Amino acid sequence: MRTTPIIEMDKRFDPKSYESRWQAEWAAQGYFVCAVPGAPPGSAEATATGSSEAYCIMIPPPNITGKLHMGHALQSTLQDLLTRWRRMQGRNSLWLPGTDHAGIATQLMVERDLAKESKSRHDLGREKFLQRVWAWKEQYQGNIRRQLDLLGASCDWTRERFTLDDGLSRAVREAFVRLYEEGRITRGEYLVNWSTGLDTAISDLEVEMRPVTDKMWQIAYPIAGGASDERVVVATTRPETLLGDTALAVHPEDERYRHLVGKQAIVPVAGRSIPFVADDSVEREFGTGVVKVTPYHDMADFETGRRHGLPGIQVIDRKGRMTAAAGAEFEGMEVEAARELLLAKLRQDGFLVHEEAYLHNVGFCQRSGVRVQPLMSTQWFCDVSSMAAEALAAHRDGRLELVPASWGKTWEHWLENIRPWCISRQLWWGHQIPAWYDEVGNVFVARSREAAAAQAGHDRLTQDSDVLDTWFSSALWPFSTLGWPEKTADLAFFYPTSVLITGFDILFFWVARMVMMGLHFTGESPFARVHLTGLVRDAEGVKMSKTKGNVLDPEDLIEEHGADAVRFTLASLDAPGRDIPLDPNVMAGNRAFGNKIWNATRFALSKVDEAKIPESIDFDRLALPERWILARLSETAAGVDASLEDFRFDVACRDLYYFFWSDFCDWYIEMAKPGLEPGNERLLVKEVLLLTLDRALRLLHPAMPFLTEELWQKLPGHEAIHPQTICLAAYPQRVPKWELSALEAEKMKLFRETVTIVRNDRADKKLTHRVKADLYLQSAKAGVPESAVDAIAFLSSEEAKRLLSSIAGVRSVMVAAPPLGATNKHIRKGAEITCRFDIPETAVDLDKLRLALTANEENIGKVRARLESTEFAAKAPAAVVEGARRNLETLQLERARLRAALGLDAEPE
């Protein structure tokens, strides 16, 4: 058992002196390693002692490609806060860490490194390229843990996972094979979003829509067999795709064009005949009401082509160049160059009717930043329609709760309109698709090459070169990390997990897919609740970006303010449904909050002598100030507990801040001071100080773990609560017997209001605490409640007088009418309070002189510091510098005058 003697605390508050030390200590002692009841002795699941009630949070696995940003810091703070809270409540709490292989992002970064050597992955070949990526992963993956440690993360690192580790790779193969055998995964040609910058297909969710001002061109199509001047005009923003047109479409009820349905049009420049078709999808008000149909280069056109049995012509390839199908003069050209050539021909032949600027939304690849090209490609697809229906049902029947609930409508809309998921990617880094082909193209999907060979009857097989979409493996994360498809003790105990905390921006990238896969493979939603955080913005509410130069780095903020201040700030700003404006000044304020707690603990330890945290306390025997602070402590514990249950981190932090700063530091410590004086000791004041600090630090621990551990370890008697660490000490709850009666509450309310009145009146008169006040109390009117009369009587008691004298500088308290002419009257709940400063005018004058001298000396210090600044002397105009010197001389003369008026010696320069 560790014991910490009462020691003299350092006056200086310095988070750097203890934060890394405690993180290392917690890790060394294994406080966050979870045990699973019933696991075989000696197994990985039985490495620590744990309760029989599970609480589990899965970290949204950050990419191995970079460092944590403010969004990660926010979500990690909230996850850790909940995990520590539940752990202190006695739950077997697992916060499982891990990282994502980030197929596109990681491959892109390694390929950029290769490009510096004038090489490509094809120069290395697949095997050597993957060796290089694994080496890159080993070099950078440790950054994530280091940054989480800086933040105070209480993860169980013995269970750390990586989406390409052996266990998760097995889970991915199992899921793929099962879905294939169920007929949900198929391979075929389909129009996909193609990133020419990455040379791979990407999902709809990886397409970022941006407003772009392009041009809208109107092009005339001649009518086949009609008069020489008979033609229709079509509007398009992508004229180069005209070379792949296979129809023109009109609305079936459009009287202007109904007669054309069934006839043929001639594609300008290409010279091909294409049919007119009638389709309800055509918007009669868009452009001219006639639209071109290019099935292999537009998503909507692809569907139109399927409805009408139209052929497709691919005129743009995967590199963004024109194909042979576009015509010999265009083959091999970049799209932009082909467009210019085509427009020139259309003008020359009289087919280009009109062009104008046009603002519209265009899809861009999130990773490469290039425009997405719809492209016909052979890919693997997963039909998730029935799984989406299950995810919808889980939300509707309450098995899955989204916080805030307003995201429910978006959830419904997206899942009701879900499309087949393109799950293959033309990359090398990732889970290679478990499908093998023989010489004639037969496909064999299996869990291993050996199983595929058994299906084929021979081993002359080649594995599919594509890899799976990164989100496929991430969709299995809540259960694959716990050992699925094996029936492990971890899976049985911790799944379904308790809650997911993540950003709203990956609600469908990741959250929906986890719910669909979890329900499908385990029959249960992977988590009961999802808390969706807002976006962390700068102090002005602007989205952070490197180009704007407003990005805040969590490591820099921790270095400047300490991890506890960063955590408390992020948690206190998290309100459901709102983005987070992050002002470093607020963080500095929360560092000051930590300093306030430090100094309050330092004061308490200097006064408690041999007292210890009491195991129990006789509440009824305590004086009113002690009863009041314990009642407030109990109320705060209940409120914080309820707020955390509802994910109202902002409210929980507000209550903790108010209790520590106002109730405990500003009020109770001041009320405790008279009771600690020799000869005037109140009953158990020292014990109540320690008891309050103990419980308040435990309440605050999930939000500010380092400071609370450092201070709690110094409290005498903490070992009886937990022999090792505050991390495992019980989280305080409401204590029903710690409640004030209505009369006691009224007394304390009037007492605090009276103190505030005296302080405000003194400030208005610019008087110091040295000038004493006389109070006159009486009922404001006849027939006031008896509680008000009793509260007035309390203020005149000896106990209250001592407190008022110490806290507010009150000389006397009289239940009587104030002297004639008294003007400082205040009405508070049936009580009339008059504060009178009955002192000689000369004393007032002297007091004003002292205040003036204090202000004068502060100004002298500021001006002198300015003049001594080398930057000011070097950059300020000479006239400004000379003005500052004259100002300093004037202030020094004024100081001499004030000191002389107060009878003080002149201060030497």
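Keep in mind that this is a model prediction, so the values were computed, not measured.

**Q** Can you walk me through the packing of aromatic side chains in this structure?
**A** Think of a pair of aromatic rings as described by two things: how far the centres are apart, and how the planes are tilted against each other in angle. Taken as a whole, this structure holds 33 aromatic pairs when the rule is applied. Centroid distance Phe13 to Trp598: 5.8 Å. Interplanar angle 55°. Geometry classified as tilted. Of this pair, Phe13 sits in the segment before helix H1 (19-29) while Trp598 sits in helix H19 (residues 584-607), and the two are 585 residues apart along the sequence. Here the aromatic cluster, defined as three or more aromatic residues joined through ring pairs, consists of Phe568, Phe593, Tyr657, Phe659, Phe660, Trp661, Phe664 and Tyr668. Here the guanidinium or amino end of Lys137 rests over the ring plane of Phe162, the centre of that ring lying 4.5 Å away.

**Q** Explain the packing of H19 against helix H21 (residues 649-676) here, please?
**A** For any two helices packed against each other, one specifies the crossing angle of their axes together with the interaxial distance. Their axes nearest at 11 Å, the elements H19 and H21 cross at an angle of 25°. When the interaxial angle is binned, H19 and H21 end up roughly parallel. Considering only the axes of H19 and H21, their crossing is left-handed. In contact with Asn590, Ala592, Phe593, Lys596, Ile597, Ala600, Phe603 and Lys607 of H19, H21 contributes Leu656, Tyr657, Phe660, Trp661, Phe664, Cys665, Asp666, Ile669, Lys673 and Leu676. Class assignment of the residues belonging to the contact of H19 with H21 gives a composition of 13 nonpolar, one polar and four charged.

**Q** Could you clarify how one ought to interpret the nonpolar core in this entry?
**A** Considering soluble globular proteins, one finds that nonpolar side chains tend to be buried as a cluster. Counting residues in hydrophobic clusters, the biggest one holds 189 residues, and the most contacted among them are Trp411, Phe472, Met517, Leu630, Phe664, Tyr668 and Phe751. With 14 residues, the single largest contributor to this core is H21. Sequence-distant contacts of Phe664, that is, excluding residues within four places in its chain, are made with Ala600, Ile629, Phe659, Ile669, Leu689, Thr692 and Leu693. Core analysis: the next-biggest nonpolar cluster, separate from the first, contains 30 residues, Ile223, Ala326, Ala338 and Leu346 among them.

**Q** For this particular structure, what's the right way to read the side chain of Gln75?
**A** Here Gln75 lies in helix H2 (residues 70-88). The residues touching Gln75, leaving out its near neighbours within four places in the chain, are Pro60, Ile501, Thr502, Gly503 and Thr533.

What counts as what
Residues numbered from 1 in each chain as written. Predicted model: local features only at pLDDT ≥ 70, side-chain atom pairs only at ≥ 80, totals over all residues. Heavy atoms only, no water. Phe/Tyr/Trp six-rings, centres within 6.5 Å; stacked < 30°, edge-to-face > 60°. Helix = DSSP H or I, 4+ residues; strand = E, 2+ residues; numbered from the N terminus. Lys NZ or Arg CZ within 6 Å of the ring centre and 35° of its normal. Axes fitted to C-alpha atoms, helices over the stretch in contact; angles between N-to-C directions. Parallel < 35°, antiparallel > 145°, perpendicular 65-115°, else oblique. Left-handed = near helix turned anticlockwise from the far one by under 90°. Contact = heavy atoms within 4.5 Å. Nonpolar A, V, L, I, M, F, W, Y, C, P; charged D, E, K, R; others polar. Core = buried A, V, L, I, M, F, W, Y, C linked by side-chain atoms within 4.5 Å. Buried < 20%, exposed > 50% of the residue type's maximum accessible area, 1.4 Å probe, protein only.

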